Amino acid sequence: MTDAKTYFELGRSEENAGHESSALIFYLSSFCATYNQTTGTHPCGAVAKIRKLQLSLGLTDEQLFDMVRSYGALTDLQCQYLLYYAISGFVPGINTVLNGTAYGH
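Here we summarise the structure given alongside this text. (Residues numbered from 1 in each chain as written. Predicted model: local features only at pLDDT ≥ 70, side-chain atom pairs only at ≥ 80, totals over all residues. Heavy atoms only, no water.)

1. Topic: the packing of aromatic side chains
Enumeration according to the criterion identifies six aromatic pairs in this entry. Ring plane angle 55° and centroid distance 5.7 Å describe the contact between Y85 and F90, whose orientation is recorded as tilted. (Phe/Tyr/Trp six-rings, centres within 6.5 Å; stacked < 30°, edge-to-face > 60°.)

Here it is, written out as structure tokens:
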């Protein structure tokens, strides 16, 4: 598994080259990798880039969440919840996912 920083740098390179779709995939990978690496940090920069590209590409939230792939200890669904909560700025939801339960379930 590649680390979050590498995915983020690849995303930035793709974004700078005008390849928004590719950049979005790398930023999503960076986001998930941050939580899979359990560094205790929150990928705020990746979230901002993801949201910017989502809006630029005209993707709905559902389309965006369908693109999320974990490739680590967390499931795709857990990373989807993490992204949803991160976009919303809902830290308690993030913490519940990281503690093994989806918020409200």
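2. Quick word on the packing of helix α2 (residues 20-36) against helix α5 (residues 76-88)
Packing of α2 against α5 brings their axes to within 10 Å, and their N-to-C directions diverge by 105°. On the basis of the axis angle, α2 is roughly perpendicular to α5. Every residue of α5 that contacts α2 at L28, F31, C32 and Y35 is listed here: C79, L82, L83 and A86. Looking at the contact of α2 with α5 residue by residue, the class counts come to eight nonpolar, no polar and no charged. (Axes fitted to C-alpha atoms, helices over the stretch in contact; angles between N-to-C directions. Helix = DSSP H or I, 4+ residues; strand = E, 2+ residues; numbered from the N terminus. Parallel < 35°, antiparallel > 145°, perpendicular 65-115°, else oblique. Contact = heavy atoms within 4.5 Å. Nonpolar A, V, L, I, M, F, W, Y, C, P; charged D, E, K, R; others polar.)

3. Quick look at the nonpolar core
The biggest cluster of nonpolar side chains holds 22 residues, and the ones touching the most others in it are L28, F31, I50, L64, L82 and L83. Every element with two or more residues in this core is listed here: α2, α3 (44-57), α4 (61-66), α5 and α6 (91-98). Residues in contact with L64, not counting those within four places in the same chain, are L24, L28, I50, Q54, L83 and I87. (Core = buried A, V, L, I, M, F, W, Y, C linked by side-chain atoms within 4.5 Å. Buried < 20%, exposed > 50% of the residue type's maximum accessible area, 1.4 Å probe, protein only.)

4. Things to note about the state of the cysteines
If you walk through the whole model with that rule in mind, you get zero disulfides. Cysteine C44 is unpaired, with the sulfur of C32 as its nearest cysteine sulfur at 15 Å. Residue C79 stays outside any disulfide, its sulfur separated by 3.3 Å from that of C32, the closest cysteine. By relative accessible area, which is 0% here, C79 ends up buried. (Disulfide = S-S within 2.5 Å.)

5. As for α3
Every α-helix carries 3.6 residues per turn, so stepping three or four residues along brings you back to the same face. In this model, α3 (14 residues) spans 20 Å end to end at C-alpha, consistent with the 20 Å of a helix rising 1.5 Å per residue. Where α3 is concerned, the buried positions are A46, V47, I50, L53 and Q54. Projected down its long axis, α3 carries its buried residues within an arc of 135°, all on one side. Turned more than 90 degrees off the buried face of α3, the exposed positions are C44 and L55. The inward-facing, buried residues of α3 abut α1 (4-16), α2, α4 and α5. At the exit of α3 stands G58, carrying a positive phi of roughly 70°. (Expected span 1.5 Å × (residues − 1). Arc of directions from axis to C-beta.)

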